[in-house]
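Chain residues, written in single-letter form:
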Amino acid sequence: MKKHPAFKKIGLPRLLIVGCGDVGMRLLPLVRERFRVFAVTSNAERCTLLRAAGAVPIVADLDRPASLARLARLAHIVVHLAPPQAEGETDRRSRNLAAILPDHATLVYISTTGVYGDCNGAEFDETRPVAPGNLRAKRRVDAERVLRGWARRSGSRLAILRAPGIYAAQRLPLERLRKGTPALAASEDVFTNHIHADDLARLAATAIFKARPLRIYHAVDDTDLTMGAYFDAVADAFALPRPPRLPRAELQQQVSPQLWSFMSESRRLRNTRIKEELGLRLRYPDVAAFLQGLKG
């Protein structure tokens, strides 16, 4: 009698994906043949989708610690993709997760390059100290600190992947361009960093096996563009009008505080570690390569 595929995976090591959204769904095909994958969702309606993608869905909510009991010691390999809650300076969700993680585990955490704050366009590697400039980034710094503490106490291996703006075919600023939302004047523009969602998923899968303990990695591609130049490139690729440019003081009055926080920080992150230590070869080396592929 032929065994059901799910039965064949009983003997595989277990992998838990916490926060299985877009990047998590891209990660699943990369790991489901090597692991028995459990995917956490707070939305029971997503269980069918997760099951079809090859995961065992678990309904739990990082904001409700009691719902996490069934995750305790479930898997010794964890990919943490869930963002912090939307308020405060601490990440309660990572605290709740760390409380039930097993000892001697492997954890890959997707953080953000926003932890560095505004760097005035400086280029740097992972040794630069963090300097978060808003509450959203402070929560991420707190999450990193909490998870590092857990890893040291439990004898576990932690890799922190600091990701910038994530893009993909369905994650481009097309609606913004159609609305004509302005960008900064070229003379005042900021440098931004990028990673394709597929490459971020590949990086997370690679980090499970190759990341050094308590290591930080810049999950960024080779793009070296200002924010306005990025918008222009996307607009040109989709035959949309380029955004109007405004001086900094005028633009700040026209966009939301959250959008302004993204538009007021400038930095360029080196990605040598992901190439040399993890051996990752980017599928999309930069935004231009991706956009050129859309035309082909």
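Provided above is the structure to which this section pertains.
Below is a short write-up of the structure.

The rules behind these values
- Residues numbered from 1 in each chain as written.
- Predicted model: local features only at pLDDT ≥ 70, side-chain atom pairs only at ≥ 80, totals over all residues.
- Heavy atoms only, no water.
- Helix = DSSP H or I, 4+ residues; strand = E, 2+ residues; numbered from the N terminus.
- Rg over C-alpha atoms; globule rule 2.2 N^0.38 Å.
- Buried < 20%, exposed > 50% of the residue type's maximum accessible area, 1.4 Å probe, protein only.
- Phe/Tyr/Trp six-rings, centres within 6.5 Å; stacked < 30°, edge-to-face > 60°.
- Lys NZ or Arg CZ within 6 Å of the ring centre and 35° of its normal.
- Axes fitted to C-alpha atoms, helices over the stretch in contact; angles between N-to-C directions.
- Parallel < 35°, antiparallel > 145°, perpendicular 65-115°, else oblique.
- Left-handed = near helix turned anticlockwise from the far one by under 90°.
- Contact = heavy atoms within 4.5 Å.
- Nonpolar A, V, L, I, M, F, W, Y, C, P; charged D, E, K, R; others polar.
- Pairing = 2+ DSSP bridges.

**Section: the overall build of the chain**
And step 1. Summing up its helical and strand segments, the chain has twelve helices and 15 strands in all.
And step 2. On C-alpha atoms alone, the chain measures out to a radius of gyration of 20 Å, which is about the 19 Å that the 2.2 N^0.38 rule sets for 296 residues.
And step 3. Taken along its principal axes, the extent of the C-alpha atoms in the chain is 65 × 45 × 40 Å.
And step 4. Every one of the 296 residues in the chain was classed for burial, and the buried ones make up 51%.

**Some details on the packing of aromatic side chains**
And step 1. Considering all chains together, one arrives at five aromatic pairs under this definition.
And step 2. Judged by centre distance (5.6 Å) and plane angle (85 degrees), the ring pair of Y284 and F290 falls under edge-to-face.
And step 3. The lysine or arginine in question, R136, covers the ring of F262, its NZ or CZ lying 4.4 Å from the ring centre.
And step 4. The positively charged end of R268 is found above the aromatic ring belonging to F191, 4.4 Å away from the centroid.

**A closer look at the packing of helix α2 (residues 22-31) against helix α7 (residues 197-210)**
And step 1. Running from N to C, α2 and α7 cross one another at 55 degrees; their axes reach a closest spacing of 8 Å. Viewed along their axes, α2 and α7 adopt a mutual orientation that is oblique. Between α2 and α7 lies a crossing whose hand is right-handed. Within the contact between the two elements, α2 uses D22, V23, R26, L27, L30 and V31 and α7 uses A197, D198, L200, A201, R202, A204, A205 and I208.
And step 2. Class assignment for the residues of the contact of α2 with α7 results in ten nonpolar, no polar and four charged.

**Concerning unusual backbone geometry**
And step 1. The backbone phi angle of H104 is positive, close to 55 degrees, even though this residue is not glycine.
And step 2. Take H104: it is sitting in the loop between α4 (92-98) and β5 (106-112).
And step 3. A relative accessible area of 61% means that H104 is categorised as exposed.

**Focus on the sheet that holds strand β4 (residues 77-80)**
And step 1. One open sheet holds the seven strands; their spatial order is β3-β2-β1-β4-β5-β7-β12, and the pairing between them is parallel. Of all strands in the sheet, those bounded by a partner on one side alone are β3 (56-59) and β12 (215-218). Across the sheet, the mean angle from the axis of one strand to that of its neighbour is 20 degrees, orientation sign disregarded.
And step 2. Pairing between strand β1 (residues 14-18) and β4: four bridges, direction parallel. Across the sheet, the residue bridging to I17 is V79, located in β4.
And step 3. Against the sheet, α2 touches β1, β2 (36-41) and β4, its axis set at about 170 degrees to β1.
And step 4. In this fold helix α5 (residues 135-154) packs onto β4, β5, β7 (157-163) and β12, with an angle of close to 165 degrees to the strand it touches most, β5.

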